[in-house]
Amino acid sequence: MKRQRIWRFPAAWSLFRRDDRLLLILIGVIVGVCSGLAAVVLNRSLVAMLEWFHGYRLYWWSFLLPGAGAALSSLFLNNLLREGAGHGVPEVIYSVSRYGGLMRMRSSFSRLISSCLTIGTGGSAGPEAPVVMSGAAIGSNIAKFFSLNDRQRVTLVGCGAAGAISSIFNAPIAGLVFSIEVILGEWTALNIIPIAIASVAGTEVSRLLQGNRIPFAHREFHIQLPDTLATVGLAVLCAAASLLLTWSLRRMGRISRKVPAPQWVRAAIGGCAVGLIGGYIPVVLGEGYHSIQAMIDGAFQQGLLLVAAAVFAKTLATAFTLGWGGSGGIFAPCLVIGSFVGLTYHRLLEAVWPAMNWVNEGCFALLGMAGLISGMLQAPLTGIFLIVEITGGYEVVLSLIIVSAVSTTLCHYVESASFYMKDLVDSGHLLRPRTDARVLSDLSVRELLETDCICVHPNMLLRDFIDVLQQARRNYFPVEEEGSNKFLGIIHLDDIRPYLFNPGMYDVVLVGQIMDTEVETVDPQEDLQEILSRMDAMRLFSMPVVSHGVFLGMISKATLLDRYRKELMVQTQHL
Amino acid sequence: MELQLFHIFRNTPLGRETLLQSAYFCKSVGVRPMLYIPKSTKFLMYFENDVVQVDLDSSYLTASETARANAEMLLEQQGVAAEFFKPKHYTASTLPDIPTDFDFMCCPRSISDLSSKIGLGYIGPRVRRIVQAARFPVLITSPVYKPWKSVAIFFGGSVNAVNAFKLGVRVSRATGAPLRMYTQPGNRDRSEYERILEGENLMQELKDRVEDWIFFDNGSFEDHLYDVPHDALVVLGAYGHGLIKDIVFGSKMEKIQSVISNNLLIVGPRYTAGY
């Protein structure tokens, strides 16, 4: 290593060689500050754009604005940066699951700009997922710069995500919990400490540049037992709304892919549809935080039917924005829809039991937000801590727990994975740390190949084969065609047992006559999980690996278990 | 375990030349070609400490319906069995992940001038990043099919050059092709270069396999490149300095490939002698 570049390899410094926690904390602070800054930049840009476009909302053609924004966003992301579209968070989880958190440099800014174009012009989406992706990519690239290993890189990806969420919501605990519960899926002391520090760094950056304010401050709620009991009904409603939003987003995505037009045209169509909906129900436009504040304050004037319609309108607008190619996340729409659901439910309760002294409707709006976030992300702790922090409403924590827990459970009952993880689970790409799938994914057929088998030819006499047998340490003998080395079959020790004690057969029987030709073989490109499933299904303990008709070696459960254990020890040695 | 060369097939006349070159390399060295017929113009390669997005130009999607048959026919003509790679993992729906555990990769030159595309009139930043990050050597083919008859190693004394020497010797041993070495000595004399090889226990290989070791004692490096046989496979190590040094001083790799049209086998700093 060159002396002048040693600062690029801090993990090799004697200070950090024995224990890298301090190193991760120090770099975590850098990552937290950078991701916090990214969040502030996006937040400020969004505010500026929304204010700038506000004056044009009165014109008849204003419905074209979200369309233009979404089209520009799509062109920027797919044609200029060639990023490959997506919501952001699933890509971060995928990278953590499969590639040790490796992410492209361009991801650290691409979603910031594209989501700004989409949301700033009125698209119904949130800036949180883009800043999570940006923060995670910043963490990943800083880890790459310092040549850190996979485990350290994954922690810094978590630091980036936590710093971003902490900064944008001024909510350090929510950032920490989101990062661990949703992104990493691994609660270890090694992760928690650097991520907590990064959350603090991200929050401090936000407070320094934007002031220390609670995003949705509210007056005190005096929640009574009937209110707490009523939250169960709200949780059911939130779960239904979460499922509706999930279903709409997927359905819209499928419909848009069928439209024979370039991606930016589809994004423009979706954006214009949002603009049209927004022409009648303006609260669906943008990230919608103004309406949340009004609902929490109890100042949302519209009646029950209009509020209920707003739930569907916002769901539809979000599906049009994200499903048709706009850029942004689902955090903010979840908060808006959740507060609409809470308000609808409160007004229903008041209509059915007018004599009851229900708590202020703002409280139910707040609980609805937690229900939607928990249902969509299937991450109850994130829902609870986020709402507690962004509203300062610790007095409703019991009801928050009920809503979050019930909503998550009901959503999980219908959808086995959250919106972020559904595709990853379906394609087998969600590999959480220390799970069977994760350990197996880090092993390959090449590593497990046993090449000390003795190959025999079909024309070999049994007598010659018995000579080979005496030198062998294995029970399997692959049979290859003489000259071409083509794999023909296999002889197991059990196959020759009937002839072994009959010397009269030694010069009569050929290997080709007793070999098993109906052998299940493995291709070297196959996944180990598939191979193991086949072995289990057929009750096999080993299988020959054959590529293009040529025998390469054997793969056995015994070797697999041995390597599996070693891999597991590597993955867990720092816990 | 058989060795594999990863080749991105382009169903155009230029792609045909490149595939023929890859097939010739595979046949000579005893490597199996793994062909990828792209369905989208971009893919990701996740290396140990880097992720490289490769943006292909749209010619890679030309006549996709006949691509497989054409590729199979070309390989069959060369007597090489075709194997096709189908991505299993996707970062996004249009962004497949290509594994990085191949033994060789072919990065073609093309007539394109766009620096953001793979396969360039000059070696673009993407190919350079692949060379920097990969454990495998990268084969940059000549613009037209040109069977090579000998191996030429460019040896500058660096760690990468030592790896290039090892690879060149192995290619020469596998193919029986004669091996020559070329060095632009700079401030060092021949004995110092020999000491470097001695330190790596490669003196015996030098004596046994290298037919001639030519030192370019005076004149510029580019002028001497004319001495390299036109039908030699040039094996060289990438120095691997940063972007700024590349811009200021230029890349040696870039100079070599812009002066000679030979097939190049480039060894990066992370190359492990898997072959």
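Residues numbered from 1 in each chain as written. Chains lettered and ligands numbered in written order. Predicted model: local features only at pLDDT ≥ 70, side-chain atom pairs only at ≥ 80, totals over all residues.

A. Quick peek at the overall build of chain B. Scanning chain B from N- to C-terminus turns up nine helices and 14 strands. Looking at chain B residue by residue over its 275 residues, the buried ones come to 41%. At a minimum sequence separation of 6, the contacts of chain B that also span at least 24 residues come to 77%. (Helix = DSSP H or I, 4+ residues; strand = E, 2+ residues; numbered from the N terminus. Buried ≥ 20, exposed ≤ 12 C-beta atoms within 10 Å, placed from the backbone. Contact = placed C-beta atoms within 7 Å.)

B. Focus on the overall build of chain A. For chain A, the helix and strand inventory stands at 25 helices and four strands. Overall size of chain A, expressed as C-alpha extent along the three principal axes, is 100 × 60 × 50 Å. For chain A, contacts bridging at least 24 residues in sequence account for 79% of all contacts bridging at least 6.

C. Just the packing of helix α2 (residues 21-54) of chain A against helix α7 (residues 150-169) of chain A, in detail. All names here are of chain A. Relative to each other, α2 and α7 sit at 40°, their axes nearing to 7 Å. Between α2 and α7, the interaxial angle falls into the category oblique. Here α2 and α7 pass one another in a crossing that is right-handed. Contact residues: α2 offers Leu24, Ile27, Gly28, Val31, Gly32, Ser35, Gly36, Ala38, Ala39, Val40 and Asn43, while α7 offers Gln152, Thr155, Leu156, Cys159, Gly160, Gly163, Ala164, Ser166, Ser167 and Ile168. (Axes fitted to C-alpha atoms, helices over the stretch in contact; angles between N-to-C directions. Parallel < 35°, antiparallel > 145°, perpendicular 65-115°, else oblique. Left-handed = near helix turned anticlockwise from the far one by under 90°.)

D. Just the interface of chain B and chain A, in detail. Tallying the contact residues gives 15 residues for chain B and 19 residues for chain A. No other element matches strand β4 (residues 51-55) of chain B, which puts three residues into the side of chain B that touches chain A. Its residues assigned to classes, the side of chain B that touches chain A shows six nonpolar, five polar and four charged. (Nonpolar A, V, L, I, M, F, W, Y, C, P; charged D, E, K, R; others polar.)

E. Representation of the packing of helix α1 (residues 13-29) of chain B against helix α2 (residues 64-78) of chain B. Residue and element names in this part refer to chain B. Following both chains from N to C, one finds α1 and α2 inclined at 40°, their axes separated by 10 Å at the closest point. Taken as axis vectors, α1 and α2 run oblique relative to one another. Relative to α2, the crossing made by α1 is right-handed. Only Ala71, Leu74, Leu75 and Gln78 of α2 make contact with α1, whose side of the interface consists of Arg16, Leu19, Leu20, Ala23, Tyr24 and Lys27.

F. Spatial organisation of the domain arrangement of chain B. Residue and element names in this part refer to chain B. Assigned domains within chain B: domain 1 (4-140) and domain 2 (150-267). On the side of domain 2, 15 residues touch domain 1, which itself brings twelve residues to the contact. Those elements giving two or more residues to the side of domain 1 that touches domain 2 turn out to be α1, α3 (125-133) and β9 (138-140). Among the residues making up the side of domain 1 that touches domain 2, the classes are represented as eight nonpolar, four polar and no charged. (Domains from an automatic or database assignment.)

G. Representation of the sheet that holds β4 of chain B in the model. Residue and element names in this part refer to chain B. The strand order across the open sheet built from four strands is β4-β3-β7-β6, with neighbouring strands paired in mixed fashion. Of all the strands in the sheet, just β4 and β6 (90-92) have a single pairing partner and so form its edges. Averaged over all neighbouring strand pairs, the angle between strand axes comes to 30°, with direction disregarded. Of the strand pairs in this sheet, strand β3 (residues 42-46) and strand β7 (residues 95-98) are connected by two bridges, and their pairing is parallel. Bridge pairing in β7 places methionine 45 opposite isoleucine 98. Here α3 sits on the sheet and contacts β3 and β4; the angle it forms with β4, its principal contact strand, is near 150°. (Pairing = 2+ DSSP bridges.)

H. Structural detail: the sheet that holds β9 of chain B. Residues and elements named next belong to chain B. Read across the sheet, ten strands follow the order β5-β2-β1-β8-β9-β14-β13-β10-β11-β12 without closing on themselves; strand pairing throughout is mixed. Edge positions in the open sheet fall to β5 (83-84) and β12 (210-215), since each of these has one partner strand only. As paired elements, strand β11 (residues 179-183) and β12 share five bridges and run parallel to each other. Residue pairing for β12: methionine 181 is matched across the bridge by tryptophan 213. This element, α1, spans β1 (4-8), β2 (32-36), β8 (104-106) and β9 of the sheet and lies at about 180° to β1.

I. Unusual backbone geometry, seen in detail. Positive phi, close to 50°, is recorded for histidine 548 of chain A, a residue that is not glycine. Mapped onto the secondary structure, histidine 548 of chain A falls in the loop between β3 (542-547) and β4 (550-556). The backbone phi angle of asparagine 201 of chain B is positive, close to 55°, even though this residue is not glycine. Looking at where asparagine 201 of chain B falls in the secondary structure, it is placed in the loop between α5 (190-199) and α6 (203-209). Look at asparagine 201 of chain B and you get exposed, because 8 C-beta atoms sit within 10 Å.

J. Structural context of the confidence of the model for chain B. Averaged over chain B, the pLDDT score is 83; the fraction of residues at 70 or greater is 88%. Ranking the helices and strands of chain B by mean pLDDT puts β2 of chain B first, with 93, and helix α8 (residues 243-249) of chain B last, with 51. (pLDDT = per-residue confidence, 0-100.)

K. Expanded view of the pairing of β11 of chain B. Residue and element names in this part refer to chain B. Sheet topology places strand β10 (residues 150-154) next to β11; four bridges connect them, and they run parallel. Within the sheet, the bridge partner assigned to valine 151 lies in β11 and is leucine 179. As for the winding sense of the linkage, the β-α-β connection from β10 through helix α4 (residues 159-175) to β11 is right-handed. (Right-handed = clockwise from strand over helix to strand, strands pointing away.)

L. Layout of helix α4 (residues 89-99) of chain A. Residues and elements named next belong to chain A. α4 sits mainly inside the fold: eleven of its eleven residues count as buried. Turning to α4, its buried residues number three or more, namely Val89, Pro90, Glu91, Val92, Ile93, Tyr94, Ser95, Val96, Ser97, Arg98 and Tyr99. Directly after α4, the chain includes glycine 100, whose backbone phi takes a positive value near 60°.

M. Up close: the environment of arginine 209 of chain B. All names here are of chain B. Locating arginine 209 in the fold gives a position in helix α6. In sequence terms arginine 209 and arginine 173 are 36 residues apart; their C-alpha atoms lie 7.9 Å from each other. When near neighbours in sequence (up to four residues on either side) are disregarded, arginine 209 contacts Val169, Ser172, Arg173 and Leu179.

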